[in-house]
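Here is what each chain is made of, one letter per residue.
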Amino acid sequence: AIWLGFSLVLGYFASLVFEFYKPRLHSPEWSQSVWVEAGVERPTSYYRKHISLGATPLRAPLQVAAPDEFTLYVNGELIAEKAFSSVFTSGVYDIAPYLRSGDNVIAVAVSRGTFPGTASLLVEGYWEDTQGGRGVILSGSDFRSSMVEEWQRAGELAWYSPIFDDGVWAYAKGVPHPRGGFCDR
């Protein structure tokens, strides 16, 4: 009886540590997007991309990768915070519940703890809407970037807000693939 109890407790804690296998809804391919950076070697960069949808999306898987750490927002809502020092951290997220018909904003903060190096970003995904429309979401030169965290309206409007005016932000620059492996934990 003691061994049975011990085995159950051990099994429970092992499941917390090693997690059970969860099948993915979408596997990262990274076939169309390019790595982008803010243009200067800095440990932190901020990125924004506007996408326009004609209808409410049914699905919208989005893959994100960055060195060390990233924080993902969609229309001002926090979607994910991932950190894994000394490796390229990545994840796949269903952002459909956060998208709406009309203008949408994807915002990502990247922090590189293993500086020197650029706080670069790689994003790839797609959306499908209720009217049969489909589009891609790719990191590239249409992402806006800043090297500093900005707030507007006397500190009331964060850089990741959908109504933040990023018109003065520079366009991100495409860069060669950084060296290193991915960690999607």
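Residues numbered from 1 in each chain as written. Predicted model: local features only at pLDDT ≥ 70, side-chain atom pairs only at ≥ 80, totals over all residues. Heavy atoms only, no water.

Caption draft 1: Structural detail: the side chain of Asp-129. Positionally, Asp-129 belongs in strand 7 (residues 122-129). Despite its burial, Asp-129 pairs with no opposite charge; the closest candidate is Arg-59, at 9.2 Å N-O. A distance of 2.9 Å separates the side chain of Asp-129 from the backbone nitrogen of Gln-131, its partner in a polar contact. Of the polar contacts made by the side chain of Asp-129, one reaches the backbone nitrogen of Gly-133; its length is 2.7 Å. (Helix = DSSP H or I, 4+ residues; strand = E, 2+ residues; numbered from the N terminus. Buried < 20%, exposed > 50% of the residue type's maximum accessible area, 1.4 Å probe, protein only. Lys, Arg positive; Asp, Glu negative; His and termini not counted. Salt bridge = Lys/Arg side-chain N within 4 Å of Asp/Glu carboxyl O. Polar contact = N/O pair within 3.5 Å; in protein donor to acceptor, adjacent residues only side chain to side chain.)

Caption draft 2: Region of the structure containing the pattern of salt bridges. Taken as a whole and assessed by the stated rule, the structure comprises 4 salt bridges. Here Asp-166 and Arg-48 are joined by a salt bridge, their closest N and O atoms 2.8 Å apart. Highlighted residues: Asp-166 in the loop between strand 11 (157-158) and strand 12 (170-171) and Arg-48 in strand 2 (residues 44-53), separated in sequence by 118 residues. The exposure class of Asp-166 is buried, given its relative accessible area of 8%. Assessed through its relative accessible area of 0%, Arg-48 is described here as buried.

Caption draft 3: Geometry of the nonpolar core. Residues Leu-72, Ile-95, Ile-106 and Leu-121 are the most contacted members of the largest nonpolar core, which totals 28 residues. Looking at this core, the elements with two or more residues in it are strand 2, strand 4 (61-74), strand 5 (77-94), strand 6 (102-111) and strand 7. Sort the elements by how many residues they give to this core and strand 4 lands first, with 6 residues. Filtering out sequence-adjacent residues up to four positions away, Ile-106 remains in contact with Tyr-47, Arg-48, Lys-49, Ile-51, Leu-62, Leu-72, Tyr-73, Val-74, Ile-95 and Ile-137. Residues Tyr-46, Ala-107, Ala-109 and Phe-164 belong to the second largest nonpolar core, which totals 7 residues. (Core = buried A, V, L, I, M, F, W, Y, C linked by side-chain atoms within 4.5 Å. Contact = heavy atoms within 4.5 Å.)

Caption draft 4: Summary view of the environment of Tyr-73. Structurally, the position occupied by Tyr-73 is in strand 4. Along the primary structure Tyr-73 and Ala-107 are separated by 34 residues, whereas in three dimensions their C-alpha atoms are 5.0 Å apart. Aside from chain neighbours lying at most four places away, what touches Tyr-73 is Leu-78, Ile-79, Val-105, Ile-106, Ala-107, Trp-159 and Tyr-160.

Caption draft 5: Spotlight on the packing of aromatic side chains. According to the stated counting rule, one finds 7 aromatic pairs in the structure shown. Taking the centre distance of 5.6 Å and the plane angle of 65 degrees together, the rings of Phe-164 and Trp-169 count as edge-to-face. For Phe-164, a relative accessible area of 3% corresponds to the buried category. Residue Trp-169 is classed as buried on the basis of its relative accessible area, which comes to 3%. Each residue in the set Tyr-46, Tyr-73, Trp-159 and Tyr-160 is aromatic and connected to the rest through ring pairs, giving one cluster. Against the face of Tyr-126 rests Arg-134, its NZ or CZ located 4.2 Å from the ring centre. (Phe/Tyr/Trp six-rings, centres within 6.5 Å; stacked < 30°, edge-to-face > 60°. Lys NZ or Arg CZ within 6 Å of the ring centre and 35° of its normal.)

Caption draft 6: Local environment of the pairing of strand 8 (residues 134-138). Of the two faces of strand 8, only one is covered, namely that formed by Gly-135 and Ile-137; the face formed by Arg-134, Val-136 and Leu-138 stays uncovered. Once strand 7 ends, the chain turns through 4 residues before running back antiparallel as strand 8, passing Gly-132 with a positive phi of about 85 degrees. (Pairing = 2+ DSSP bridges.)

Caption draft 7: Geometry of unusual backbone geometry. A positive phi is found at Arg-153, a non-glycine position, where the angle reads about 55 degrees. Backbone geometry places Ala-154, a non-glycine residue, at a positive phi of 55 degrees. Inspection of the secondary structure assignment puts Ala-154 in the loop between strand 10 (151-152) and strand 11. Accessibility expressed as a relative area gives 83% for Ala-154, which makes it exposed.

Caption draft 8: Quick look at the confidence of the model for the protein. The predicted model of the protein averages 85 in pLDDT, with 85% of residues at 70 or higher. Between the elements of the protein, mean pLDDT differs from a low of 45, seen in strand 14 (residues 182-183), to a high of 96, seen in strand 6. Predicted confidence for residues 181-185 stays below pLDDT 50, and this span has 21 contacts to residues more than four positions away or in other chains. (pLDDT = per-residue confidence, 0-100.)

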